[in-house]
Amino acid sequence: MSTVAEATPRPLWLDRFDPPIQARPPLDGDRQFDVAIVGGGFSGLWTAYYLLRADPSLRIALLERHHCGFGASGRNGGWACGELGGSTGGTVARYAKRSSHAEAMRLVRAVFDAVEEIGRVSAAEGIGCDYAKGGTIRLARNAPQAKRQREEIDELRAQGFTSDEIRLLDATEARRYLNATDVYSGILLGPSAALDPAKLVVGLAEVVEAAGGAVYEQTTVTGLGPRRVRTDCGTVTADAVVRATEAYTRDLAGQRRAVLPVYSLMIATEPLAADVLDEIGLPGRPTFCDDRHMVIYGQLTADHRIAFGGRGVPYLYGSRIDPRTELNERSHRLIHDTLVELLPPLVGARVTHRWGGVLAIPRDWLPGLAFDPSAGIGLFGGYVGTGVACANLAGRTMAELILGSETERTSLPWVGAVARAWAPEPFRWIGVRSSRRILRAADDREYATDREARAAYRLSRILRGA
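Here the structure is a predicted model, which means the values were calculated and not measured.

Q: Mind showing me how you'd approach the overall build of the chain here?
A: For the chain, the count of helices and strands is twelve helices and 18 strands. Over its C-alpha atoms the chain spans a radius of gyration of 21 Å, differing by no more than 12% from the 23 Å that the globule rule assigns to 466 residues. Summarising its shape, the C-alpha atoms of the chain cover approximately 60 × 50 × 45 Å along the three principal directions. Within the chain, the proportion of its 466 residues that are buried is 60%. Put simply, the chain shows about 18000 Å² of open surface, and 51% of that area lies on carbon and sulfur atoms. With 57 positive and 55 negative side-chain charges, the chain shows a separation of 7 Å between the mean positions of the two kinds.

Q: Please clarify how the side chain of Thr47 should be interpreted in this entry.
A: Mapping Thr47 onto the fold places it in helix H2 (residues 42–54). The contacts of Thr47, once residues within four sequence positions are left out, are Ile37, Phe380, Gly395, Met398, Ala399 and Ile402.

Q: I tried to follow the side chain of Asn76 on my own but got confused; where do I start?
A: Note that Asn76 resides in the loop between strand S2 (60–63) and strand S3 (79–81). Overall, Asn76 belongs to the buried group, its relative accessible area being 18%. Separated by 3.3 Å, the side chain of Asn76 and the backbone oxygen of Ser73 make a polar contact. Here the side chain of Asn76 touches Gly78 through a polar contact of 2.7 Å, landing on its backbone nitrogen. When neighbours within four sequence positions are excluded, Asn76 is seen to be in contact with Trp13, Phe42, Pro197, Met266 and Val388.

Q: How do you make sense of the nonpolar core when you look at a structure like this?
A: Side chains of nonpolar character tend, in soluble globular proteins, to be buried together. One finds Trp46, Phe288, Ile306, Phe308, Leu343 and Trp414 to be the most contacted residues of the largest nonpolar core, which totals 119 residues. Beyond its immediate chain neighbours, meaning those up to four positions away, Trp414 contacts Leu84, Tyr95, Leu107, Pro367, Gly368, Leu369, Tyr383, Cys390, Leu393 and Ala394. Within the second largest apolar cluster, 14 residues are counted, among which are Leu27, Phe33, Ala214 and Val236.

Q: Teacher, can you tell me more about the pairing of strand S1 (residues 31–38) here?
A: Within a regular strand, side chains alternate between the sheet's two faces. Here S1 lies mainly inside the structure; six of its eight residues are buried. Relative to S2, S1 runs parallel, the two being bridged by four bridges. Counted as the bridge partner of Ile37 is Leu62 from S2. In this view, the connection linking S1 to its parallel neighbour S2 by way of H2 has right-handed handedness.

Q: Please clarify how the packing of H2 against helix H4 (residues 101–125) should be interpreted in this entry.
A: Two quantities define a packed helix pair, namely the angle between the axes and the distance from one axis to the other. Remark: H2 packs on H4, axes separated minimally by 14 Å, with the N-to-C direction vectors making an angle of 65°. Like other packed secondary-structure pairs, H2 and H4 cross with a definite hand, here left-handed. When H2 is examined against H4, the residues Trp46, Tyr49, Tyr50 and Arg53 are found in contact with a partner set consisting of Glu117, Ile118, Val121 and Glu125. The residue inventory of the contact of H2 with H4, partitioned by class, reads five nonpolar, no polar and three charged.

Q: Is there a simple way to explain the environment of Gly281 in this structure?
A: With respect to the secondary-structure elements, Gly281 resides in the loop between helix H8 (274–280) and strand S13 (287–290). Separated by 104 residues in the primary sequence, Gly281 and Tyr177 have C-alpha atoms spaced 5.7 Å apart.

Q: What's the story with helix H7 (residues 197–210) in this structure? I'm lost.
A: The periodicity of an α-helix, 3.6 residues per turn, causes residues three or four positions apart to be oriented the same way. If you check H7, its first and last C-alpha atoms are 20 Å apart, about what 14 residues at 1.5 Å a residue would give, namely 20 Å. Counted residue by residue, H7 has ten buried out of 14 residues, so it is predominantly covered. Residues Pro197, Ala198, Leu200, Val201, Val202, Gly203, Leu204, Ala205, Val207 and Val208 constitute the buried set of H7. Looking at the buried side of H7, the elements it contacts are helix H1 (12–15), H2, H4 and strand S8 (214–216). Where H7 begins, one side-chain oxygen reaches toward the backbone nitrogen of Ala198, 3.1 Å away; that side chain belongs to Asp196.

Conventions adopted
Residues numbered from 1 in each chain as written. Predicted model: local features only at pLDDT ≥ 70, side-chain atom pairs only at ≥ 80, totals over all residues. Heavy atoms only, no water. Helix = DSSP H or I, 4+ residues; strand = E, 2+ residues; numbered from the N terminus. Rg over C-alpha atoms; globule rule 2.2 N^0.38 Å. Buried < 20%, exposed > 50% of the residue type's maximum accessible area, 1.4 Å probe, protein only. Areas by Shrake-Rupley, 256 points an atom, 1.4 Å probe, with all protein chains shown as cover. Lys, Arg positive; Asp, Glu negative; His and termini not counted. Charge placed at Lys NZ, Arg CZ, Asp CG, Glu CD. Contact = heavy atoms within 4.5 Å. Polar contact = N/O pair within 3.5 Å; in protein donor to acceptor, adjacent residues only side chain to side chain. Core = buried A, V, L, I, M, F, W, Y, C linked by side-chain atoms within 4.5 Å. Pairing = 2+ DSSP bridges. Right-handed = clockwise from strand over helix to strand, strands pointing away. Axes fitted to C-alpha atoms, helices over the stretch in contact; angles between N-to-C directions. Left-handed = near helix turned anticlockwise from the far one by under 90°. Nonpolar A, V, L, I, M, F, W, Y, C, P; charged D, E, K, R; others polar. Expected span 1.5 Å × (residues − 1).

Here it is, written out as structure tokens:
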């Protein structure tokens with residue numbers, strides 16, 4: 001059995017391409033397009049995809065600093081999950097304040113549909129991304145977590161969610177999905193799929209390029225404004241400019257406080273033997289987590305590995321992004337320890353890969369998008385770790401806004417929801433670091449005593465947008 005330190009320091013998803021990913025050529029001087037999209041992740045690519053499907057004559061440029069899928073879109077947990085901002089019930093309540101309960105429910109169900117849409121498009125376009133719509137199983141593993149699950153389901157029923165969409169499982173039912181330790185109960189979210197995110201993002205880039213989109217990689221954007229994008233390889237002018245940079249928005253001039261870049265780290269095991277798979281469960285490849293305050297998440301891959309992660313690395317002062325943080329060995333060891341405590345049959349499984357990346361959190365924890373037709377600028381922001389499905393809906397909506405179409409999506413209450421900036425340092429660093437310590441201590445207390453840490457739970461709901 002290898003140690004975590006011996007694992008390949010590269011995302012599993014990106015490491016499996018044969019031949020390896022080769023970046024496309026950069027922009028070759030000043031150019032003019034109808035639409036310029038900054039960022040080669042899911043948001044930018046879905047925007048380009050739906051624009052070209054609606055009007056193949058459009059001249060579209062997509063500008064990416066590294067290669068498509070280099071950032072969060074190629075490094076995440078592979079959850080196409082029907083959640084928006086990390087909390088279904090809390091999301092409805094928060095968006096309802098911007099509109100109405102009915103409109104907020106319409107938004108959440110549009111995200112549910114985005115899970116299906118990813119499967120439909122992948123099949124139609126021949127993108128083999130190992131899509132499996134098995135739902136998400138979220139376990140309660142102590143009494144306080146089980147209590148919160150009962151309260152959550154009561155709240156969701158009152159809001160109008162059906163048992164087909166989300167339901168409570170007793171301990172026996174929950175263990176049929178995931179045979180973890182100390183299971184008290186579980187919640188099953190139906191609209192959720194596991195997939196290989198890098199296969200999806202790379203395949204989507206190929207489809208966009210085949211449809212006539214110009215994809216420029218190895219191109220660093222140095223500034224953008226109304227109808228103009230400046231890069232180190234030339235200037236692009238366009239009728240519409242879309243900023244789809246997520247956590248890397250902090251690298252643009254004047255945007256250091258726009259979103260909070262938060263690191264999440266992952267490991268992947270070797271392919272597991274059939275007897276181990278039989279013991280842990282996961283029939284139909286549901287994604288999985290538990291209800292601790294400090295987020296963990298996992299999936300069974302199509303080749304029978306467990307890919308598992310958590311948000312274990314503290315926020316870096318000044319919203320800094322440091323590639324060395326992606327390979328924090330101590331954090332990877334903690335993630336491995338958490339995995340084998342959750343699923344003891346994996347104690348002997350070799351860890352083959354370890355990696356990390358950054359996600360973006362807006363100050364109000366509410367993902368949103370906006371397009372200003374007078375300036376020709378579109379913005380995305382802050383999926384809070386639920387970007388695989390949300391980016392599909394956001395990109396589809398952004399394309400419709402650019403085209404001036406009025407659809408059931410363009411009036412959803414997250415359109416126009418752009419959060420105010422985070423506090424300046426050192427207040428940002430103090431607040432984020434303090435919150436993290438409180439939530440970690442709350443988890444420790446609840447597991448040790450089986451008593452609910454009420455103050456920390458209230459803080460957790462605030463942070464998750466509930």
